[in-house]
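Take a look at the letters that make up each chain.
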Amino acid sequence: MALIEARGLTKEFRIFRRREGVMGAFRDLFQRDYTTLRAVDGIDFVVAEGEMVGYIGANGAGKSTTIKMLTGILVPTAGSVNVNGFIPYKEREKYTRGIGVVFGQRSQLWWDIAVIESFKLLRRIYNVSQEEFKARLKKFDDILEFGSFLHLPVRKLSLGQRMRCDLTAALLHNPAILFLDEPTIGLDVLGKAKIREFLKEINSESKTTVILTTHDLGDIEALCPRVAIIDKGKMLYDGSVDNLYAQWGHDKMEDIVKKIYEGCKPEQYCMIENWGDTHA
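Residues numbered from 1 in each chain as written. Predicted model: local features only at pLDDT ≥ 70, side-chain atom pairs only at ≥ 80, totals over all residues. Heavy atoms only, no water.

A. Representation of the overall build of the protein chain. A count of helical and extended segments in the protein chain gives 11 helices and nine strands. The C-alpha atoms of the protein chain give a radius of gyration of 20 Å, which matches the 19 Å a tight globule of 280 residues would have. A principal-axis box enclosing the C-alpha atoms of the protein chain has dimensions of 55 × 55 × 35 Å. Per-residue burial for the protein chain yields a buried fraction of 48% across its 280 residues. For the protein chain, contacts bridging at least 24 residues in sequence account for 72% of all contacts bridging at least 6. Carbon and sulfur atoms make up 49% of the accessible area of the protein chain, which totals about 14200 Å². Averaging the positions of the 39 positive and the 38 negative side-chain charges in the protein chain gives two centres separated by 6 Å. (Helix = DSSP H or I, 4+ residues; strand = E, 2+ residues; numbered from the N terminus. Rg over C-alpha atoms; globule rule 2.2 N^0.38 Å. Buried < 20%, exposed > 50% of the residue type's maximum accessible area, 1.4 Å probe, protein only. Contact = heavy atoms within 4.5 Å. Areas by Shrake-Rupley, 256 points an atom, 1.4 Å probe, with all protein chains shown as cover. Lys, Arg positive; Asp, Glu negative; His and termini not counted. Charge placed at Lys NZ, Arg CZ, Asp CG, Glu CD.)

B. Expanded view of the sheet that holds strand S7 (residues 209-213). The six strands are arranged S5-S6-S7-S3-S8-S9 in an open sheet whose pairing can be described as mixed. The outermost strands of the open sheet, each flanked by one partner alone, are strand S5 (99-103) and strand S9 (234-240). Across this sheet, the average inter-strand angle for adjacent strands is 15 degrees, counted without regard to direction. Pairing of strand S3 (residues 52-56) with strand S8 (residues 226-231), which is carried by four bridges, proceeds in the parallel orientation. Opposite Tyr-55, over in S8, you have Ala-228 as the bridge partner. Each of S8 and S9 touches helix H9 (residues 241-248); the most contacted strand, S9, lies at about 105 degrees to it. (Pairing = 2+ DSSP bridges. Axes fitted to C-alpha atoms, helices over the stretch in contact; angles between N-to-C directions.)

C. Spotlight on the pairing of S7. Most of S7 is tucked away, with five of its five residues classed as buried. A two-sided burial pattern is seen for S7, the buried positions comprising Thr-209, Ile-211 and Thr-213 on one face and Val-210 and Leu-212 on the other. The sheet contact formed by S3 and S7 spans four bridges and is parallel. In the strand pairing of S7, Val-53 is matched with Ile-211. Where strand S6 (residues 177-181) and S7 come together, five bridges link them in parallel fashion. From the neighbouring strand, Leu-178 faces S7, where its bridge partner is Val-210.

D. View of unusual backbone geometry. Phi is positive for Glu-182, which is not a glycine, with a value near 55 degrees. As for its placement among the helices and strands, Glu-182 is situated in the loop between S6 and helix H7 (189-206). Positioned with a positive phi, Lys-232 is a non-glycine residue whose angle comes to about 50 degrees. Secondary-structure assignment places Lys-232 in the loop between S8 and S9.

E. A look at the packing of aromatic side chains. In the structure shown here, the tally under the stated rule is four aromatic pairs. Judged by centre distance (5.2 Å) and plane angle (90 degrees), the ring pair of Phe-140 and Phe-198 falls under edge-to-face. Here Phe-198 lies in helix H7 and Phe-140 lies in helix H5 (residues 130-144), a separation of 58 residues in the sequence. In this structure, Phe-140 and Phe-198 share a single accessibility class: buried. We note Lys-11 situated over the ring of Phe-13; from NZ or CZ to the ring centre the distance is 5.4 Å. (Phe/Tyr/Trp six-rings, centres within 6.5 Å; stacked < 30°, edge-to-face > 60°. Lys NZ or Arg CZ within 6 Å of the ring centre and 35° of its normal.)

Below, the structure is given as structure tokens:
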């Protein structure tokens, strides 16, 4: 069953280009120069229920723009997208009750109040019963071990502690889909290990579908049987990690991705395995 389906998904931005110097700034007051940037260029992307998919690419490749369209933050310029039975940007209020989102450089927790108070507020927002709330907190604490700082303000937490709490907050309402953008950024080895163990457990027990964007390809190797690689808004590869190794050898993931970039000319992108057509 396809939980996420995007066809021909495209996003363009109209960008104002400033002229140089004082005279340039003066001219900009009367005549502005705009250009169109195509951040995501007609990608097809299908994800089945319970999958863990790594979505990777260089800075500016279109990863975050894709995630923002899938979560309903951005409206696509062209193409179609359906996630969990909703068109995200049209039905945001209903749709967001079935997803969890974690952005590694931002927090959904309230900065100046205790972590537990943030959790309680989210419980009310998502209408989670008291019994389920307590059960899920205990279950998450068994793996993430956040009990010792539950009563500290979020601003006093380390990055690793905050990430554990953000993951808990995103999953308190038992969403069908979890979107993760750089969830292990800046974490040490032990912090990354805890996050990875937790995500494996959630996916295994609750069949939560996970879309993971990251620059740490160790996360992909540890968590994701499938990987999608995007560059300049186009999909270079979408298929299994095993197939990647079969096609490009058993180098480290970083080396394989580098080979793929070098092997695909900008005007002729390669789709090594079209997952969307064969697994929809």
